[in-house]
Amino acid sequence: MKNLYLPITIDHIARIEGKGGVEIVVGDDGVKEVKLNIIEGPRFFEAISLGKKVDEALAIYPRICSFCSAAHKLTAVEAAEKAVGFTPREEIQALREVLYIGDMIESHALHLYLLVLPDYLGYSGPLHMIEEYKKEIGIALDLKNLGSWMMDELGSRAIHQENVVMGGFGKLPDKSVLETMKKRLKEALPKAEYTFELFTKLEQYEEVEGLITHIAVKPRGDVYGIYGDYLKASDGNEFPSEEYKEHIKEFVVEHSFAKHSHYHGKPFMVGAISRLVNNAGTLYGKAKELYEAHKDLLRATNPFANNLAQALELVYFTERAIDLIDEVLAKWPVKPRDEVEIRDGFGVSTTEAPRGVLVYALKVENGRVSYADIITPTAFNLAMMEQHVRMMAEKHYNDDPERLKLLAEMVVRAYDPCLSCSVHVARL
Amino acid sequence: MEENGKVRIGFYALTSCYGCQLQFAMMDEILQLLPNAEIVCWYMLERDSKEIEPVDIAFIEGSVSTEEEVELVKKIRENAKTVVAVGSCAVHGGVQSWEKDKSLDELWKTVYGDGTVKFQPKMAEPVEKYIKVDYKIYGCPPEKKDFVYAIGTLLIGSWPEDIDYPVCLECRLNGNSCVLLEKGEPCLGPVTRAGCNARCPAYGIACIGCRGAIGYDVAWFDSLARVFREKGLTKEEILERMKIFNAHNPKLEEMVNKIFEGVKE
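Residues numbered from 1 in each chain as written. Chains lettered and ligands numbered in written order. Predicted model: local features only at pLDDT ≥ 70, side-chain atom pairs only at ≥ 80, totals over all residues. Heavy atoms only, no water.

A short note on the sheet that holds strand β1 (residues 7-13) of chain B
Residues and elements named next belong to chain B.
Argument step 1. Pairing in this open sheet of five strands is parallel, and the strands run β2-β1-β3-β5-β7 from one edge to the other. The open sheet has two free edges, formed respectively by β2 (37-42) and β7 (135-137), since each of these has just one partner strand. Within this sheet the neighbouring strands show an average axis-to-axis angle of 25°, counted without direction.
Argument step 2. Across six bridges, strand β3 (residues 55-61) lies against strand β5 (residues 80-86) in parallel orientation. What sits directly across from F59, in β5, is V84. (Pairing = 2+ DSSP bridges. Helix = DSSP H or I, 4+ residues; strand = E, 2+ residues; numbered from the N terminus. Axes fitted to C-alpha atoms, helices over the stretch in contact; angles between N-to-C directions.)

Describing the domain arrangement of chain B
Residues and elements named next belong to chain B.
Argument step 1. Segmentation of chain B into domains returns domain 1 (7-155) and domain 2 (167-259).
Argument step 2. Each of domain 1 and domain 2 was reduced to a C-alpha centroid, and the two centroids are 26 Å apart.
Argument step 3. Across the contact, 18 residues belong to domain 1 and 14 residues belong to domain 2.
Argument step 4. Between domain 1 and domain 2, the buried area comes to about 1400 Å², and carbon and sulfur atoms account for 53% of it.
Argument step 5. Taken together, domain 1 and domain 2 are joined by three salt bridges. (Domains from an automatic or database assignment. Contact = heavy atoms within 4.5 Å. Buried area = accessible area lost by both parts, 1.4 Å probe. Salt bridge = Lys/Arg side-chain N within 4 Å of Asp/Glu carboxyl O.)

Considering the UniProt feature "binding site: Fe cation" (unreviewed entry) in chain A
Argument step 1. If you check UniProt for "binding site: Fe cation" (unreviewed entry), the listed places come out as C68 and C421 of chain A in our numbering.
Argument step 2. In this structure, C68 of chain A sits in the loop between α2 (54-60) and α3 (69-84). (UniProt positions renumbered as here; feature names shortened; annotations may be inferred.)

Focus on the packing of helix α4 (residues 90-121) of chain A against helix α10 (residues 305-330) of chain A
Residues and elements named next belong to chain A.
Argument step 1. Look at α4 against α10: their axes get within 9 Å of each other, and the N-to-C directions meet at 155°. As summarised for this structure, α4 and α10 are arranged roughly antiparallel, according to the angle between their axes. Where α4 crosses over α10, the handedness of that crossing is left-handed. (Parallel < 35°, antiparallel > 145°, perpendicular 65-115°, else oblique. Left-handed = near helix turned anticlockwise from the far one by under 90°.)

Considering the nonpolar core
Argument step 1. Residues I24, Y61 and M150 of chain A are the most contacted members of the largest nonpolar core, which totals 186 residues.
Argument step 2. Shared between two domains, this core holds at least three residues of each, these being domain 1 (7-155) and domain 2 (167-259) of chain B.
Argument step 3. Setting aside its immediate chain neighbours within four residues, M150 of chain A contacts V98, L99, I101, G102, I105, G155, M181, L185 and A321 of chain A. (Core = buried A, V, L, I, M, F, W, Y, C linked by side-chain atoms within 4.5 Å. Buried < 20%, exposed > 50% of the residue type's maximum accessible area, 1.4 Å probe, protein only.)

Structural data, given as structure tokens:
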């Protein structure tokens, strides 16, 4: 007699950004189907920005996602600047990277402590951990507060910053604020290192071990960072950002408002671990030492290593922000903004959002957006993520369904998906 | 309320950027609230969330953007004593309503081509379109103090009051130079609900109206449209800007049309 299997369904994956579920269908010969249902409604960002004035379009793009609104703002602004043929001064670029790092610190701290850690410690959510894990929750809040405050000061607020505009910033903080920022970053460093230590102890779940192609931005100036004009794949391929469409193809899948992406016909991964896989050679300072000492845990073959990679980046970016602030202070006073002439043109910006490669391609005609293509890290990751959930399910479909559900969710959480982000992909 | 005296709270998301929840989650003040509250549903932070259970206060973020979400808001309403719409998406339909007058089909084709998806998409709409909303927290995202004020008053059994004056007022009180009159930029401060302490104009950035237009018919879209027109903006440009966060406002077009159609105001 045939066994009776019920589909294992998670309607709403908790502790991620956005709304999505998992469906696992098991048959007699094992796992038949695994689907990540992205049920967050469509918001048509590219479509609604078409024909709009550039500055107004730049104001709405960050609203794609709150967890990485600074990433969206800064990438969109750079694409628009490239389109009109404007390059910001070095000190403006440095300050923008500091703002971006604020987002990175906040996002990584939030993801690691509040979204990921509860699974490992046996809690359903961080609110229940407060009594038992006072120190960890305290560090999470301190790091997230630091990141938010950096975005407040440089971006006007922690979510949906309006202070970044084409040509520079609306206004810059006083020199004393940057000095305080430096001091606070220095104080945060031991907390970032504690986070890394903590995450070296977590399980890697070898069930999902296998070859993964990683894609990341090739950092400008060969220093590990956020901005870059080339994309780099772990198969050795390197290409200019403008050529992204020649290598990465997107397609609509029936079970998701977010599209899937393939690199040369196959799923691939982006994110903190992908950055390390491709660019670890450009690390420096304490993070480099930690990387060398824990290489074996930061495995290219395991998506769970993304958690530890984020923890390493907390250390790296804290140090990096200090250096960038020093560069800017050496040139103080800094003029906040240059006049930008809005000419016609096309620009592509690729940056490293907390969750991985973010692409903005914008065309400007008569001061208005005439083409917009935005591809977010989560949209890049979905196909690979689905494959990893399948690998987990294939090993555990005979276990207690509750256990399988948790493991499937943990795979998804390791990717730190931003589902709101993922549902705005355009094909024109 | 629970027998243990705790207030039962649910935080629900429709289609949005999750920024209102993130703002809420990022408040250290939450820690003070926790001993007196039972978090029944909050998927962003709690795996053990229950979407369909009675709560005292339901906070809803996001616009109604799928048929499934229409059903969800109705269920939330049935199970909640007080419903609070949180943020510009839930209150005003959000930036995703910017092109609400285009057909859904056209927008769909631009983004998804001929692809089909098994869920039913809809043009984004405010929560109030489908259920009774008891209170609104404005902003994209709301200010932290908006949450503190709303929760504080609801918990003591009182009622949070709306602000009925514009961003302009806060801006003048802070002594910022005027982005509209002195720099000639299309600032929406004069029609936008205050409460942000004129955050953007303080950075020299024109207000884009993220808290939505002031209620009680106090938002004078017509007067502002006249100023914009004098500065050389066309009717379409004025409407485009005012619609970023106000596309569902029933007064907007009528008032702006007045200025351009020569009707005596």
